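# Results of the structural survey
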Amino acid sequence: LGMCSTMAITTSFFNGIGMGVAVTIILTLSNMIIAAMRKIIPDKIRIAMFIVVIAGFVTCVDLSIQAFLPDLANSLGVFIPLIVVNCIILGRAEAFSYKNGVVASMFDGIFQGIGYTWVLLAMCIIREFLGKGAFGGGVLGANGVQIFPSDFGVGMLTLPVGGFLVLAALIAAMQW
């Protein structure tokens, strides 16, 4: 469920790396703060507290991206602020950080973020390569490395429906 951003941003390798790193940083830092405060957070307001902590880190990361990587900020648009309501981050806060220590929560955030990044990159590579005939756009030059002419690409894969199709294919391959 937390993969909804993949439908929009996984059209280029640059976007995938940017979103993956942003989610990893936010997940790791919010996990650590929530774990550190878990014994003093009243049970009735814990979800609201999780949202406040996550929103604070999302704001810091969003402003940093806008300041230092304006092209990435323009490309990702509204999807960086939407990390606040990403159920992966809130789910990890509820399922792991609220029940474990700071160090364990830090490693959980790092490894969950790396896993999310790998899925984003797999989707980016497939969509960019098959949809545009190129790979590494934004990272390896403006258009990336052109493998075959873009006229022969499956243009539908660069649209949001392509995100659903690639995600479905990856899930099917994993289940198989």
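Residues numbered from 1 in each chain as written. Predicted model: local features only at pLDDT ≥ 70, side-chain atom pairs only at ≥ 80, totals over all residues. Heavy atoms only, no water.

Turning to the pattern of salt bridges, a few remarks are in order. For the structure on display, the rule yields 3 salt bridges. Through salt bridges with shared partners, one network takes in D43, R46 and E94. (Salt bridge = Lys/Arg side-chain N within 4 Å of Asp/Glu carboxyl O.)

By the element assignment, A22 lies in helix α2 (residues 13–37). Sequence-wise, A22 and F164 are 142 residues apart; in three dimensions their C-alpha atoms are separated by 22 Å. Those residues in contact with A22 that lie beyond four places of it in its chain are V61, I65, I80 and I83. (Helix = DSSP H or I, 4+ residues; strand = E, 2+ residues; numbered from the N terminus. Contact = heavy atoms within 4.5 Å.)

Along the polypeptide, I47 turns up in helix α3 (residues 46–68). In this structure I47 comes out as partly exposed when scored by relative accessible area, which is 38%. Taking the C-alpha atoms as reference points, I47 and L130, 83 residues apart in sequence, are found 41 Å from one another. (Buried < 20%, exposed > 50% of the residue type's maximum accessible area, 1.4 Å probe, protein only.)

Our next topic: the confidence of the model for the protein. Looking at the protein as a whole, the pLDDT averages 87, with 94% of positions reaching at least 70. Taken element by element, the protein is modelled with least confidence in helix α1 (residues 6–9), mean pLDDT 75, and with most confidence in α3, mean pLDDT 94. (pLDDT = per-residue confidence, 0-100.)

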